[in-house]
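# A structural walkthrough
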Amino acid sequence: MSTTARTAHDVRADATTQQVELAIGGMTCASCAARIERKLNKVDGVTATVNYATEKAKVSFPDGLSPADLVKVIEATGYTAELPAPPTADTADEASAEQDPTRTLRQRLIASTLLAVPVIALAMVPALQFTYWQWLSLALAAPVVTWGAWPFHRATWTNLRHGAATMDTLISIGVGAAFLWSLYALFLGSAGVAGMRHGFDLSVRRISGDGNIYLEVAAGVTVFILAGRYFEARSKRRAGAALRALLELGAKDVAVLHDGREVRVPIDQLAVGDLFVVRPGEKIATDGVVAEGTSAVDASMLTGESVPVEVRPGDAVVGATVNAGGRLVVRATRIGADTQLAQMATLVEDAQNGKAAAQRLADRISAIFVPIVIALAVGTLAFWLGAGTGASAAFTAAVAVLIIACPCALGLATPTALLVGTGRGAQLGILIKGPEVLESTRRVDTIVLDKTGTVTTGQMSLTAVHTADGVTEDEALRLAGALEHASEHPIARAIATAAADRTGELPAVEDFQNIEGLGVQGVVDGHAVLVGRARLLTDWSVHLDDDLAAAKREAESKGRTAVLVAWDGTARAVLVVADTVKPTSAEAIRGLRQLGLRPVLLTGDNEAAARAVAAEVGIDEVIAEVMPRDKVDVITRLQGEGRVVAMVGDGVNDAAALAMADLGLAMGTGTDVAIEASDVTLVRGDLRAAVDAIRLARRTLNTIKGNLFWAFAYNVAALPLAALGLLNPMIAGFTMAFSSVFVVSNSLRLRRFTSSASATAAR
């Protein structure tokens, strides 16, 4: 996967082929993406992947073609295409301010619902049917059928011009047929007379339908399908959000040194070779090399390493990491699209666009079902006309075929189950982003877990205190904590916090001095105290006894940080600081194994620390000391071995791997970019939520499949009756509504889903 900088139009080339990414407009379902993909792949030398979720096409094409030629092919298919501009901070601001893409759909849904409810009530409740009520129904239903259902009519026309049929086609024809027949019955039949009543006749017999109207069917179907489309659009993942989250991580301005003076300028005015100042707590503006100063840099967002990295003159630093210690002067070596942060944005985008769009089951069914239903309706009309039963009865039978086949239940099958499932998930701290996520959960057999912040807390804390003979733990902590309290280093904060918790108020410090890169020294309660690395004690000719040296070696063998404490010229204690394992992680690993998943620990931390954590929680396979690009390569390698891979992570360094995995799960306590790049967000920050997420997603998928089966089976069973003229459109509308009620009731069973943590507590 390339991490080279993008050109203005995101066109990349090698010796014989080029690659371009196109933004696609006008797609309404997964079959649209498949149609565009087929058209592009028919062009000689072109290899295309169209992603319905991100509305982008990634196309490789030979030198003889241009991106404009590809745009023409897509436009000839009935859709729009354009070359996206490269992501920048400005475009990120514009994107954040752009119109909500679901606003128009929401307006159609609200208005259509308000108009359709009285239409349905008048048709279904005879007591409400006053004189000429049918004309009020017409006035209310007309805007719903025309304006409310306009997206379906427009998509149908576009598809028909290119010889295709989708769910939109059947919705448009079914709604149109019910509405047009109602117009016929009102104006040319007997339905428009005063005193007309709309009672239920559940007998199975051949009738002339010119005395009945089906406006409630036309309006109701429109509202149901609009609701499904709205919930789908609201949950649809947008790749640009992950890129904006990445870009926002970087510094917005920087203090550049000009003739020894600091001048703060916007980040885009920084040039390669410039010297800039980074104070404690500030983000490093761009990739560079330390020119002056020593400090600890928190690079966990990029490397996953929980321990801050000590840097000194000559060491490389990465943009967007945080200076956790002293003042640094850095010389910029890479800016803009060349930085590691920008290259990581490229990794995330490429990984998301490379994920194949899931072909939803309803669309796959409709590809075969829609043409059959249309042909059956036309055949029914022709047969009964030829049989001499009269135009009214023949058309009644044909309309019954279209109405009984109108895919209300099919359209509700996915969004209702998804809505209930995701709603229940939200109550349990699990956010599922869309229906395409569910397909992967059934097939996942390997789950890759980031260590820092996922299996562990992601924060340094004191885990052990080893003291020399005659020294108590509280005494060692009190003196060391008082000294470390004056330091800003994350390890120092961990020691100071533990000391304050165990010994209360810490004493004052005199003559405090920070020995950069080594530790701190000062006078506490009349004792000359040293806290830091072994080299600090060696410089003062202080040496560890055998017990303390053994404690230091043991801590370091487990990947933990050993901090030495000495006072009055003698080594007194070894404080062990580490990123601790979450108390629920081991239980979560057992739960994942019970689901048939193979856990793998993947981390940028060192091998010893990773092995120690893995042993504590029960993971056998460990892959340590990997950079973000390596994480993506590991996911790709596992997929190449035939595994279906889920990934759980929380940091920027996990974002590309989360997007590349078949199923990405982000801890909600992590960074925004990881959350945006994932398929599922675990709000609680508890790894047991990953177990619940997979269980819930599988349960929701099974519910969707059950809904689709029964909705389709109802159509198959009722269509022959309608074609034979034995099912009047009123019964067709009633049974269609019943099938919708069944689908919704089946979906509501997901509300009873309980988390594994609750089940454990109950036991």
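Residues numbered from 1 in each chain as written. Predicted model: local features only at pLDDT ≥ 70, side-chain atom pairs only at ≥ 80, totals over all residues. Heavy atoms only, no water.

Right, let's get into the overall build of the protein. Within the protein, the regular secondary structure consists of 28 helices and 27 strands. Counting every position in the protein, which comprises 763 residues, the buried fraction comes to 54%. Within the protein, residue pairs in contact and separated by at least 24 positions form 70% of the contacts whose partners lie at least 6 positions apart. When the accessible area of the protein is evaluated, it comes to approximately 31300 Å², of which 57% is carbon and sulfur surface. (Helix = DSSP H or I, 4+ residues; strand = E, 2+ residues; numbered from the N terminus. Buried < 20%, exposed > 50% of the residue type's maximum accessible area, 1.4 Å probe, protein only. Contact = heavy atoms within 4.5 Å. Areas by Shrake-Rupley, 256 points an atom, 1.4 Å probe, with all protein chains shown as cover.)

Before going further, it helps to examine the pairing of strand β2 (residues 17–25). Summarising the sheet, β2 and strand β4 (residues 56–62) pair through seven bridges and their orientation is antiparallel. Residue glutamine 19 lies in a different strand from β4, and its bridge partner there is serine 60. The sheet contact formed by β2 and strand β5 (residues 80–82) spans three bridges and is antiparallel. What sits directly across from glycine 25, in β5, is threonine 80. (Pairing = 2+ DSSP bridges.)

For the rest of this paragraph, the subject is helix α22 (residues 607–617). Where α22 is concerned, the buried positions are Ala609, Ala610, Val613, Ala614 and Val617. Seen end-on, α22 carries its buried residues on one side only, within an arc spanning 130°. The elements touched by buried residues of α22 are α16 (451–455), β17 (456–467), β22 (570–581), α21 (585–594), β23 (598–602) and β24 (621–623). A positive backbone phi angle near 95° is found at glycine 618, which sits one or two residues after α22. (Arc of directions from axis to C-beta.)

Before going further, it helps to examine the sheet that holds strand β12 (residues 316–317). An order of β7-β6-β8-β14-β9-β12 is seen for the six strands of this open sheet, with the pairing classed as antiparallel. At either margin of the open sheet sits one strand with a lone partner, and together these are β7 (261–266) and β12. As paired elements, strand β6 (residues 253–258) and strand β8 (residues 275–278) share two bridges and run antiparallel to each other. The residue bridging alanine 255 from the neighbouring strand is valine 277, located in β8.

Right, let's get into a negative patch on the surface. Negative charge collects at one region of the surface, where Asp469, Asp545, Asp546 and Asp547 lie side by side. Within the element layout of this structure, aspartate 469 appears in the loop between β17 and α17 (473–484). (Patch = residues over 30% accessible without salt bridge, like charges linked within 9 Å, V, L, I, M, F, W, Y side chains within 5 Å. Salt bridge = Lys/Arg side-chain N within 4 Å of Asp/Glu carboxyl O. Lys, Arg positive; Asp, Glu negative; His and termini not counted. Charge placed at Lys NZ, Arg CZ, Asp CG, Glu CD.)

Let's shift gears to the pattern of salt bridges. Scanning the model with the defined rule gives 19 salt bridges in all. In the salt-bridge network here, residues are joined through shared partners; they are Asp253, Arg264 and Glu282.

Examined against the element boundaries, alanine 141 turns out to sit in helix α5 (residues 133–148). Judged by relative accessible area, which is 0%, alanine 141 ranks as buried. Spatially, the C-alpha atoms of alanine 141 and proline 118 are 9.3 Å apart, while their sequence positions differ by 23 residues. Ignoring sequence-local partners within four residues, the contact set of alanine 141 consists of Val119, Leu215 and Ala219.

The first and last C-alpha atoms of α5 sit 22 Å apart over 16 residues, in line with the 22 Å expected at 1.5 Å per residue. The principal kink in α5, of about 30°, is found at alanine 141, preceding the proline proline 143 by one to four residues. (Expected span 1.5 Å × (residues − 1). Bend = angle between axes of the 7 residues up to and from the residue.)

A complete count under the given rule lists three aromatic pairs for this structure. Look at phenylalanine 383 and tryptophan 384: their rings are 4.9 Å apart centre to centre, the planes differ by 80°, and that puts the pair in the edge-to-face class. (Phe/Tyr/Trp six-rings, centres within 6.5 Å; stacked < 30°, edge-to-face > 60°.)

With that out of the way, let us pick up a positive patch on the surface. There is a patch of like positive charges on the surface, built from Arg699, Arg749, Arg751 and Arg752. On the basis of relative accessible area, arginine 751 is assigned to the exposed category, the value being 57%.

What follows covers the sheet that holds strand β27 (residues 680–682). Strand order in the open sheet formed by seven strands is β15-β27-β26-β25-β16-β23-β24, with mixed pairing between adjacent strands. Every interior strand has two partners, whereas the edge strands, β15 (430–432) and β24, have only one. Between one strand axis and the next, the sheet turns by 20° as a mean value, whatever way the strands run. Helix α26 (residues 688–723) contacts β15, β16 (446–450), β25 (645–649), β26 (663–667) and β27 of the sheet and is inclined by roughly 40° relative to β15. (Axes fitted to C-alpha atoms, helices over the stretch in contact; angles between N-to-C directions.)

Moving on: the packing of α5 against helix α6 (residues 150–161). Two elements in contact, α5 and α6, have axes whose closest approach is 5 Å; the angle formed by their N-to-C orientations is 40°. When the axes of α5 and α6 are compared, the pair comes out oblique. Contacts between α5 and α6 pair Val145, Thr146, Trp147 and Gly148 from the former with Trp150, Pro151 and His153 from the latter. (Parallel < 35°, antiparallel > 145°, perpendicular 65-115°, else oblique.)

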